[in-house]
Amino acid sequence: MSLTRNSDKNNLSVVSDNEDAVPSAAGLPSNGGSADKSSPASTAQAQQKTGASNLALSAYEGESIGFRSFWKAGDYVVGPSSKPAPFEGHLEHARVHPKFLHSNATSHKWAFGAIAELVDNAVDEIQNGATFVKIDKIDVMEDNSPALCFIDDGGGMDPEAIRKCMSLGYSSKKSKTTIGQYGNGFKTSTMRLGADAIVFSRATHSGRATQSVGLLSYTFLRRTGQDDVIVPMIDFDISGNWAEPIIYNTHDDWSANLQTILDWSPFTSKEELMLQFDDIGSHGTKIIIYNLWLNDEGIYELSFDDDAEDIMLRDEANQGGTVKKLNKKMVELRSHVSYRLRFSLRVYVSMLYLRKFSNFKIILRGKPVDQFNIADELKHSEIVRYKPQQAIAAKEVTVVTTIGFIKEAPNLNVSGFNVYHKNRLIKPFWKVVPDGSSKGMGVVGVLEANFIEPAHDKQDFERSLLFIRMETRLKQMTMDYWFEEYRRKEIELKDTVELLEAELKEIQSKSAELSSFLAAKRNGRA
């Protein structure tokens, strides 16, 4: 089966039934352009159904551990393109090689950062009525390999919106309150967690109820030799009593998209696909990420077995040796949230948003996540306000920082700032004082810095002059608070010593009186 690009007004594509041709760089029909009627797709698809399905379900059989490991998955040889040259009268469209999906996803150094992106999308749907996002592990493959599933009851995506979501570099998020802003989060996050993702979404727009399915499959793109990112999609109108396929072009195009989705997803029939909408309800979105990445040892990067109510990062959890080999202080440190958030998704997500939700829950493996703000349990906490120095034309802002000692201080060497941006945690326990220094030990702060921009992976901030100034200010704030507390403790200690000395003198005085009384009593007897 040859895959060729169709040059129509929507820049969509069709499938050719020339089975002798080498798969080209174009792609599958996106169900919105004019069909090449001389190339009906249904016959070739029916003939290839069995072989392609087996190929998808055993997509990794025979693959080296290198390809199954995320950091090595982009290392494969790119063959020569078989895409025909653009014919006269049509402009060549901008092409994005599938390798870009992988290289783009490497912006997420940390797998939990990718999961947070998908949670952000659900949280942004609160403005459209979302009340929950569910994160869970499911077994959808024939070999029972795990998949990661996200479901929310937000507004969902209509056919136009899901195409914008799954295309590259587009964002419709213009609100000052939404967290997403680069239009890249879905692609980078799903591809960082697994090789393949399938999206189901229901929405009602302008009185029309629809449901859509889209497939973003790195496995498909790689194994069929594509040199362009092809995303097959199908849509249904569900305004009536049944799901009616939405045909933009020809029924053959629609069927070609469906067949490709079935060939390269865990689902082998249209009926199986339709069942996936059962737990979405009348509106919402469901994302299933499968063929999850392995670590360098050939084990799944995400661990679902260590805790039935959590998802763990295997390599992070195993750092530092087993608990039996650690001393008491190190065991206490590894039990603290500042350490556990590195490998426990439940702990990380509990701190992911600064303000507690009033009517929204994050449900991880069937159990709601209790939101946690470490500022609520700081000792001797203070509120510090400062106005960052910005550009002359910028609106003046006041940054409110809560600072104090952790409740375990001074026994536990934990310090740093939890820095949020638009309610979202960007830098957890960011150390602004040098390691090894006792000054500032145990001092933790919490602030929301909306005046600087986060990096694309939302795990750091852009290294701007504003950022450097903020770092300097927080370092000074830490030192001021620590020395002030040190002086306060000195005064408290001095007052305590003086009190003890006064009590000692009183005791000595009473002891002398008692000695005199006893001596007089003995003399009286004599």
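Identification of the protein as ATPase morc2 from Stylosanthes scabra is taken from an unreviewed UniProt entry. Word for word, the UniProt comment on the protein under Subcellular location (unreviewed entry) is "Nucleus". In UniProt, the protein has this text filed under Sequence similarities (unreviewed entry): "Belongs to the MORC ATPase protein family."

**What about the sheet that holds strand E4 (residues 146–152)?**
Sheet strands pair by backbone hydrogen bonding; their relative direction is either parallel or antiparallel. Read from one edge of the open sheet, nine strands run E8-E7-E6-E5-E9-E4-E3-E12-E13, paired in mixed fashion. Because the sheet does not close on itself, it has two edges, and the strands there are strand E8 (244–245) and strand E13 (367–368). Here two bridges tie strand E12 (residues 361–364) to E13, and the two strands are oriented antiparallel to one another. Looking at the pairing, isoleucine 363 lines up with proline 368 of E13. Running at roughly 140° to strand E5 (residues 194–205), helix H6 (residues 185–193) makes contact with E4, E5, strand E6 (208–217) and strand E9 (284–292) of the sheet.

**As for the confidence of the model for the protein**
Put simply, the protein has an average pLDDT of 80, and 76% of its residues get 70 or more. This stretch, residues 1–59, has a pLDDT under 50; its non-local contacts, to residues over four places away or in other chains, come to 156 contacts.

**Description of the pattern of salt bridges**
With the rule as written, the count across this model stands at 16 salt bridges. Residues lysine 510 and glutamate 506 are paired through a salt bridge, measuring 3.4 Å at the closest nitrogen-oxygen approach. Here the residue lysine 510 and the residue glutamate 506 both occupy positions in helix H14 (residues 465–525), the gap between them amounting to four residues, near one helical turn. For glutamate 506, a relative accessible area of 44% corresponds to the partly exposed category. Each member of the salt-bridge network shares a partner with another, and the members are Glu117, Asp120, Arg424 and Lys458.

Criteria and cut-off values
Residues numbered from 1 in each chain as written. Predicted model: local features only at pLDDT ≥ 70, side-chain atom pairs only at ≥ 80, totals over all residues. Heavy atoms only, no water. UniProt positions renumbered as here; feature names shortened; annotations may be inferred. Pairing = 2+ DSSP bridges. Helix = DSSP H or I, 4+ residues; strand = E, 2+ residues; numbered from the N terminus. Contact = heavy atoms within 4.5 Å. Axes fitted to C-alpha atoms, helices over the stretch in contact; angles between N-to-C directions. pLDDT = per-residue confidence, 0-100. Salt bridge = Lys/Arg side-chain N within 4 Å of Asp/Glu carboxyl O. Buried < 20%, exposed > 50% of the residue type's maximum accessible area, 1.4 Å probe, protein only.

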